[in-house]
Structure formats: C-alpha cells, structure tokens
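Remarks on the overall topology
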Amino acid sequence: GRLSLSPWSVPAAARLLASHAPPHAFLQLSIGGKRVGSLIFALDETAAPRACANFIGLCEGFRARSRVPGALYARDGSLAGATTSSFFGYRGTSFHRLLAGQLVQGGRMAAGDASIFGGQFADERNGLRVAQEQRGLLCMANSGADSNASQFYITFAPCPHLSGSH
C-alpha cells in the first residue's frame, strides 16, 4: 500500500513530549488510508534553526492566502480549488524514496517543493557539520548547495557519505 503522512492526530504520549525541550515534531503515518503509527522527532535548533522551523511549520501546516505549489488541501481536508486559500504542509504527502538499509525520503509536494520561507533556503553551516553516523537522524534533503525546501530523509543506518552535504 501507499504510505502517507498526516501530522494532526497525535497520541497523548507524543503531546506530553512536545512540552519538553528540545522541540519535537510529529507525523502520523498511514498505509492505504489506515493509521499505523506516529514518528516523533527531537529537533536540534542549535545546529539548524531555520531547518527546524521549516520542518515544524510543514508538520503543523498553514493556510495559504493564495495558491501555493503543493497546497492541495483546504482547511477542512477537502481538495482545494485553484483560487481558494488552501492548506500547505506535509499532509497527504508520501515517502517517495527508499534506499534499502540506508534511508527513506519524504516531503515531496505535489506541485513542487517549497519551504515556509517561500521557495528554497540556504544551508546552515552548523547543520552541515553534524555527522550522519547513526540511524534515526532526520535531515533536510536537497539538490545541491543552498537548495533546502520541503524534502527530508530519515537514516536507517550510518550514512557518512551524506555528511556535509545535507
């Protein structure tokens, strides 16, 4: 089935974690429309404050006053029309790339990637210094220097070959 993300239905334990430092973000997972669990992320704002703000913003979603690429849903969850204000965030997106034993990638928006800052935003030098030498890391995926938007990946194993570039 198709694995999709929905960040709104969060278990009570996850809500409790949200009140403790560091900041946390949540995604509710479903396969074929059936909820299967949640992912809870602790975010390192000291290493990458803009990337963290972007991820939290896209998890929470926001209402765009005009049509935004990838903003497919109205606030009530229905498909938004081209001229109405619409929801913008990870809701309804899928994990679209799996590198077996390495990582899973998600956050691709239907009409093109964007960040809460508009289009793409620059790399954060302290974030690039974080060694990707363990499983369970949440990282921004990009297509080169200073091209961060909505895509992210989660490591399944050490990925040192990605250190310094994502």
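For clarity, every value in this text was computed on a predicted model and none was experimentally measured.

Things to note about the overall build of the protein
Across its full length, the protein holds 3 helices and 9 strands. N-terminal to C-terminal, the α/β element order of the protein is β-α-β-β-α-β-β-β-β-α-β-β. The burial tally for the protein puts 43% of its 166 residues in the buried class. When contacts within the protein are restricted to residue pairs at least 6 apart in sequence, those whose partners lie at least 24 apart make up 56%. Accessible surface for the protein amounts to roughly 8,700 Å². Of this, 54% is attributable to carbon and sulfur atoms.

Some points on the nonpolar core
Within the largest apolar cluster, 18 residues are counted, with the highest numbers of intra-cluster contacts made by Leu-27, Leu-43, Phe-55, Tyr-90 and Phe-152. Elements that contribute at least two residues to this core include exactly β2 (24–31), α2 (49–60) and β9 (152–155). The dominant element in this core, judged by the number of residues it contributes, is α2, at 5 residues. Those residues within four positions of Phe-55 in sequence are excluded, and the remaining contacts are Ala-25, Leu-27, Phe-41, Leu-43, Tyr-90, Leu-138 and Phe-152. If you look at the next biggest cluster of nonpolar residues, it comprises 7 residues, including Leu-103, Leu-137, Cys-139 and Ala-141.

Let's talk about the confidence of the model for the protein
Residues with a pLDDT of 70 or more make up 72% of the protein, whose mean pLDDT is 79. Low pLDDT (under 50) marks residues 66–77, which in the prediction has 36 contacts with non-local residues, meaning those over four places away or in another chain.

Observations concerning the pairing of strand β3 (residues 34–42)
Alignment of β2 against β3, held across 8 bridges, turns out to be antiparallel. By the bridge assignment, Ala-25 is partnered in β3 with Phe-41.

As for α2
Between the first and last C-alpha of α2 there are 16 Å, a value that for 12 residues agrees with the 16 Å anticipated at 1.5 Å per step. Three or more residues of α2 are buried, namely Ala-51, Cys-52, Asn-54, Phe-55, Ile-56, Gly-57, Leu-58 and Cys-59. Remark: Gly-61 follows α2 within two positions and exhibits a positive phi of approximately 75°.

A short note on the sheet that holds β9
Reading across the sheet, the 4 strands line up as β6-β7-β9-β8 and stay open at both edges, with antiparallel pairing between neighbours. Bordering the open sheet on either side are β6 (97–99) and β8 (138–140), each of which pairs with just one other strand. Taking each pair of neighbouring strands and ignoring which way they run, the sheet shows an average axis angle of 20°. Taken together, the 4 bridges between strand β7 (residues 103–106) and β9 define a ladder with antiparallel strand orientation. For Gly-106, the partnering residue across the bridge sits in β9 and is Phe-152.

A few points about the side chain of Thr-155
Assignment of secondary structure puts Thr-155 in strand β9. Polar contacts involving the side chain of Thr-155 include one to the main-chain carbonyl oxygen of Gln-134, which spans 2.9 Å. Side-chain polar atoms of Thr-155 contact the backbone nitrogen of Leu-137, separated by 2.9 Å. Residues contacting Thr-155, with those up to four places away along its chain left out, are Gln-102, Leu-103, Gln-132, Gln-134, Arg-135, Gly-136 and Leu-137.

What counts and how
Residues numbered from 1 in each chain as written. Predicted model: local features only at pLDDT ≥ 70, side-chain atom pairs only at ≥ 80, totals over all residues. Heavy atoms only, no water. Helix = DSSP H or I, 4+ residues; strand = E, 2+ residues; numbered from the N terminus. Buried < 20%, exposed > 50% of the residue type's maximum accessible area, 1.4 Å probe, protein only. Contact = heavy atoms within 4.5 Å. Areas by Shrake-Rupley, 256 points an atom, 1.4 Å probe, with all protein chains shown as cover. Core = buried A, V, L, I, M, F, W, Y, C linked by side-chain atoms within 4.5 Å. pLDDT = per-residue confidence, 0-100. Pairing = 2+ DSSP bridges. Expected span 1.5 Å × (residues − 1). Axes fitted to C-alpha atoms, helices over the stretch in contact; angles between N-to-C directions. Polar contact = N/O pair within 3.5 Å; in protein donor to acceptor, adjacent residues only side chain to side chain.

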